[in-house]
Amino acid sequence: MSTLSEGPVARLLREKLTASFQPKHLEVECESHLHNVPKGAEMHFRVQVVSDAFEGKRVIERHRLVNTCLSEELASTVHALRIDAIPTSKWDGQKQEESPTCRGGFGK
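These lines cover the structure that appears in this document, whether it is placed above or below. These figures come from a predicted structure and were not determined experimentally.

Quick look at the nonpolar core
Thinking step 1. With 17 residues, the main nonpolar core has Leu17, Val28 and Val66 as its most contacted residues.
Thinking step 2. Contributing elements (two or more residues each) for this core: helix H1 (8-21), strand E1 (25-30), strand E2 (44-51), helix H2 (59-69) and strand E3 (80-87).
Thinking step 3. Ranked by the residues each element gives to this core, the list is headed by H1, at five residues.

Regarding the packing of aromatic side chains
Thinking step 1. Using the criterion set out here, one finds one aromatic pair in the structure.
Thinking step 2. Relative to phenylalanine 54, the ring of phenylalanine 21 has its centre 5.0 Å away and its plane inclined at 40 degrees; by these criteria the two rings are tilted. Note that phenylalanine 21 is positioned in helix H1 and phenylalanine 54 in the loop between E2 and H2, a separation of 33 residues in sequence.
Thinking step 3. Overall, the relative accessible area of 7% leaves phenylalanine 21 in the buried class.
Thinking step 4. Classification of phenylalanine 54 as buried rests on a relative accessible area of 0%.

Basis of the calculations
- Residues numbered from 1 in each chain as written.
- Predicted model: local features only at pLDDT ≥ 70, side-chain atom pairs only at ≥ 80, totals over all residues.
- Heavy atoms only, no water.
- Core = buried A, V, L, I, M, F, W, Y, C linked by side-chain atoms within 4.5 Å.
- Buried < 20%, exposed > 50% of the residue type's maximum accessible area, 1.4 Å probe, protein only.
- Helix = DSSP H or I, 4+ residues; strand = E, 2+ residues; numbered from the N terminus.
- Phe/Tyr/Trp six-rings, centres within 6.5 Å; stacked < 30°, edge-to-face > 60°.

Interpretation note: all reported values are geometric properties and have no functional meaning in isolation.
Structure follows, in structure tokens:
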């Protein structure tokens, strides 16, 4: 479900992931505010996708599917993408772990 505070890049990622995977659960979160980027930038994201499309696939295969789906964005506007791609049969409502504090850029 899209939220009003979601920016255009996050909305595009959500739309593409929804169209490709018909997820049972989907979270798209812009984490750019955790990094040394201009205010309002949409460059760092985390996604949690729960889908039947991931059944029987290894983690690397699931990540490749997501990367392929978002290849245009990864080649242009998206700098970093944290992926949690879960087969429907393995999902029990778990949340992703919190992202670590950014340690890069300008001495941070």
